[in-house]
Amino acid sequence: MNETYAKLGMKPADILLPRDADMSKWAVVACDQFTSQPEYWEEADRIVGDAPSTLRLILPESKLNDPNVEEHIADINRSMEDYLARDIFKTCPDSIIYIQRTQSDGKVRHGLVAAVDLEQYDYTPGSGSLIRATEGTVLERIPPRVRVRKDAPIELPHVMLLIDDPDKTCIEPITAAVDAMEQVYDFDLMLRGGHLKGWLLTESQKDALAEALAAMASPEAMERKYGLKGVAPLLFAVGDGNHSLATAKTCYENLKKVTPESQWADLPARYALVEIENLHDDALQFEAIHRVVFGVDPAKFMEAFKAFYPNAQEGKGEGHVIEVVWPGHDGYITVPDPKVQLPVGTLQNFLDAYLKENGGEVDYIHGDEVTKELGSKEGNMGFLLPAMGKDQLFKTVIADGVLPRKTFSMGHAEDKRYYVEGRKIR
């Protein structure tokens, strides 16, 4: 392996793919999608039936709070062991997979599947690590996810990392060479997920990728792009799946406690499989993640909001404007002279304080229509937020630390990463 990779926080991996499966049944969408729409997962289950599928190897987060969640987790681990015993998988050794994803809007998004070094990842706000979270990590969300991963022999990634490559030096040269590469899959994704193709990088392509990434992480590149001198380089920013990556980090740190330090470098759990995408991919669009609050009284909620922000005004105005929906109402509220940069921060600061004191639950929703539909049900409120521009992402993380959690989403729920590749972690 090219030694440059050791300095980049990523490397090729022994990637598992199904040996002989109906790929349209094998691949299912990221587990943190459609959490308030159980009918989606019921339909996926109907489509899969008894066929080999990643649906049997992941826990949809809509089930995380089920009373029988431990039984679900045990079933997942048994399915993983069964798939390994039945030789369902084949191994692509020391590999990076280049993928082309045709989204639901017809645009083609490009990415690379590889392993990242969890020693080089830190989700602490203000971290100077090569791999960083872009938004706040909710520590309480990690333990239940650790229960899913800690005994699992296999990982399946839905983590998506971003590189800030405006000159398109890393992924795009591979796009031009697919005709000479070995293709490993080409199939339609279920439930409006689009289409997916994948190819193995050649040795020369892996070497060229390492050199391009190293150039992007240089001090000169950091100063040229962000106008900041002497800052720790940020090479990979988490776009999706930060809590899953934080879970992998926690499991690795727990394993280090019972493993001699001399063996840490060889622990499979030290690495996590991810998809890497260029922030400047033309198909990659940032969309707002909206909020729906359950179990609240709208009048009481709005009274508390105006007490929290005494200068808040109903209707559109100058400042942070947030659309708010409840049964029989669809309007706006404005907070003038906000103290944070983004409307999502203004709303989230209040939500955290209100729900802690008054109870209720919040869900993070992709899509305007779904937010309005859920927000219009009795006892609910929906909040629609404007999207953040993606050009400021890396500079903001470097200069100011993480964004408010669930600030942005990369595309619609149907366009989230589907589980296809796996890797042994034990």
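Our structure is the block above this text.
Since the model is a prediction, treat every value here as computed from it, not as a measurement.

Here is what the cut-offs are and how they apply
Residues numbered from 1 in each chain as written. Predicted model: local features only at pLDDT ≥ 70, side-chain atom pairs only at ≥ 80, totals over all residues. Heavy atoms only, no water. Phe/Tyr/Trp six-rings, centres within 6.5 Å; stacked < 30°, edge-to-face > 60°. Buried < 20%, exposed > 50% of the residue type's maximum accessible area, 1.4 Å probe, protein only. Lys NZ or Arg CZ within 6 Å of the ring centre and 35° of its normal. Helix = DSSP H or I, 4+ residues; strand = E, 2+ residues; numbered from the N terminus. Salt bridge = Lys/Arg side-chain N within 4 Å of Asp/Glu carboxyl O. Expected span 1.5 Å × (residues − 1). Core = buried A, V, L, I, M, F, W, Y, C linked by side-chain atoms within 4.5 Å. Contact = heavy atoms within 4.5 Å. Pairing = 2+ DSSP bridges. Axes fitted to C-alpha atoms, helices over the stretch in contact; angles between N-to-C directions. Arc of directions from axis to C-beta. Polar contact = N/O pair within 3.5 Å; in protein donor to acceptor, adjacent residues only side chain to side chain. 1 Å grid on protein atoms, 1.4 Å probe; cavity = no way out; pocket = protein on both sides within 12 Å on 5 of 7 lines; lining within 4 Å. Points joined across faces, edges and corners; volume = space filled by probe spheres on them. Nonpolar A, V, L, I, M, F, W, Y, C, P; charged D, E, K, R; others polar.

Engineer: It is not clear to me how the packing of aromatic side chains should be interpreted in this structure. Could you clarify?
Structural biologist: Think of a pair of aromatic rings as described by two things: how far the centres are apart, and how the planes are tilted against each other in angle. Enumeration over the complete set of coordinates arrives at 16 aromatic pairs. Taking 5.8 Å as the distance between ring centres and 70° as the angle between the ring planes, the aromatic pair formed by tyrosine 185 and phenylalanine 187 counts as edge-to-face. We note that tyrosine 185, like phenylalanine 187, is buried. Taken together through their ring pairs, the aromatic side chains of Phe301, Phe305, Phe308, Tyr309, Phe350, Tyr354 and Phe383 make up a single cluster. The aromatic ring of tyrosine 271 is capped on one face by lysine 11, whose charged end is 4.0 Å from the ring centroid. Here the guanidinium or amino end of lysine 256 rests over the ring plane of tryptophan 264, the centre of that ring lying 4.4 Å away.

Engineer: Would you mind going over unusual backbone geometry with me for this structure?
Structural biologist: Most peptide bonds adopt trans geometry, and most residues besides glycine take a negative phi value. Of note, aspartate 87 is a non-glycine position whose phi angle comes to about 60°, a positive value. Take aspartate 87: it is sitting in the loop between helix H3 (69-85) and strand S4 (89-95). With relative accessibility at 45%, the residue aspartate 87 sits in the partly exposed group. Positive phi values are uncommon outside glycine, yet lysine 168 reaches one of about 55°.

Engineer: Where do I start with the pattern of salt bridges in this structure?
Structural biologist: Note on pairing: side chains with opposite charge can pair once their charged atoms come close. Applying the stated criterion to the full structure yields 28 salt bridges. A salt bridge links lysine 256 to glutamate 253; the shortest N-O distance between them is 3.3 Å. Taken together, the residues span about one helical turn, with lysine 256 and glutamate 253 both in helix H8 (residues 242-256) at a distance of three residues. Three or more residues are tied together by salt bridges with common partners; here these are Glu119, Lys249, Glu253 and Lys256.

Engineer: Hey, could you run me through helix H6 (residues 203-216) in this one?
Structural biologist: In an α-helix, one full turn covers 3.6 residues, which means residues spaced three or four apart are oriented alike. Taking 1.5 Å of rise per residue, the 14 residues of H6 would be expected to cover 20 Å, and the 20 Å separating its terminal C-alpha atoms lies within 8% of that figure. Listed in full, the buried residues belonging to H6 are Gln205, Lys206, Leu209, Ala210, Ala212, Leu213 and Met216.

Engineer: Explain the nonpolar core to me, please; I cannot follow it from the model alone.
Structural biologist: Most often, soluble globular proteins have nonpolar side chains that are buried together. Ranked by size, the top nonpolar core spans 51 residues in total, and within it Ile97, Tyr185, Phe187 and Val420 carry the most contacts. No other element matches H3, which puts five residues into this core. Apart from residues no more than four positions distant in its own chain, isoleucine 97 is found in contact with Ile15, Leu17, Gly111, Leu112, Val113, Val184, Tyr185, Gly198, Trp199, Leu200, Leu201 and Glu421. In terms of nonpolar packing, the next biggest core, distinct from the first, is built from 43 residues, Ala210, Leu213, Met216 and Cys251 among them.

Engineer: What is the right way to look at the sheet that holds strand S16 (residues 290-294) in this model?
Structural biologist: Whenever strands of a sheet pair, they do so through backbone hydrogen bonds, lying parallel or antiparallel. Strand order across the open sheet formed by six strands is S17-S19-S18-S21-S16-S20, with antiparallel pairing between neighbours. In this open sheet, the two edge strands, each paired with only one partner strand, are strand S17 (313-314) and strand S20 (361-365). Bridge count between strand S18 (residues 320-326) and strand S19 (residues 329-335): seven bridges; the pairing is antiparallel. Counted as the bridge partner of valine 321 is threonine 334 from S19. Of the strands in this sheet, S17, S18, S19 and strand S21 (380-384) are in contact with helix H9 (residues 298-308), which crosses S21 at around 45°. Against the sheet, helix H10 (residues 343-358) engages S16, S18, S19, S20 and S21, with an angle of about 15° to S16.

Engineer: Explain H9 to me, please; I cannot follow it from the model alone.
Structural biologist: Three or more residues of H9 are buried, namely Pro298, Phe301, Met302 and Phe305. Projected down its long axis, H9 shows its buried positions confined to an angular sector of 95°, all on one face. Pointing more than 90 degrees away from the buried face of H9 are the exposed residues Ala299, Glu303 and Ala307. The inward-facing, buried residues of H9 contact S18, S19, H10 and S21. Of the residues flanking the start of H9, the one acting as N-cap is aspartate 297, its side-chain oxygen 3.2 Å from the backbone nitrogen of alanine 299.

Engineer: Could you clarify how one ought to interpret the environment of glutamate 135 in this entry?
Structural biologist: Following the sequence through the fold, glutamate 135 ends up in the loop between strand S8 (131-132) and helix H4 (142-149). For the pair formed by glutamate 135 and proline 125, sequence separation is 10 residues and the distance between their alpha carbons is 8.3 Å. Sequence-distant contacts of glutamate 135, defined by excluding residues within four places in its chain, comprise Asn242, Val402, Leu403, Pro404, Arg405, Lys406, Thr407 and Phe408. A polar contact is formed between the side chain of glutamate 135 and the backbone nitrogen of lysine 406, at a distance of 2.8 Å.

Engineer: Before we go on, may I ask you to explain the environment of leucine 384 in this structure?
Structural biologist: In this structure, leucine 384 sits in strand S21. Here leucine 384 falls in the buried class, since its relative accessible area comes to 7%. Each C-alpha atom, one on leucine 384 and one on threonine 371, is 7.2 Å from the other, the two residues being 13 residues apart in sequence. Beyond its immediate sequence surroundings of up to four residues, leucine 384 is in contact with His290, Ile322, Glu323, Val325, Asp368, Thr371 and Lys372.

Engineer: Is there a simple way to explain the pairing of S16 in this structure?
Structural biologist: Within a regular strand, the side chains alternate between the two sheet faces. Of all five residues in S16, four are buried; the element is thus mostly enclosed. Across four bridges, S16 lies against S21 in antiparallel orientation. Residue valine 292 lies in a different strand from S21, and its bridge partner there is glycine 382.

Engineer: Would you mind going over the layout of surface pockets with me for this structure?
Structural biologist: Rolled over the atoms, a probe sized like a water molecule indicates the empty space that remains. Taken as a whole, the second largest pocket encloses approximately 340 Å³ of empty space. What lines the second largest pocket is a set of 16 residues, and nearest its centre among them are Leu55, Arg56, Pro60, Lys63 and His72. Its residues assigned to classes, the lining of the second largest pocket comprises eight nonpolar, three polar and five charged.

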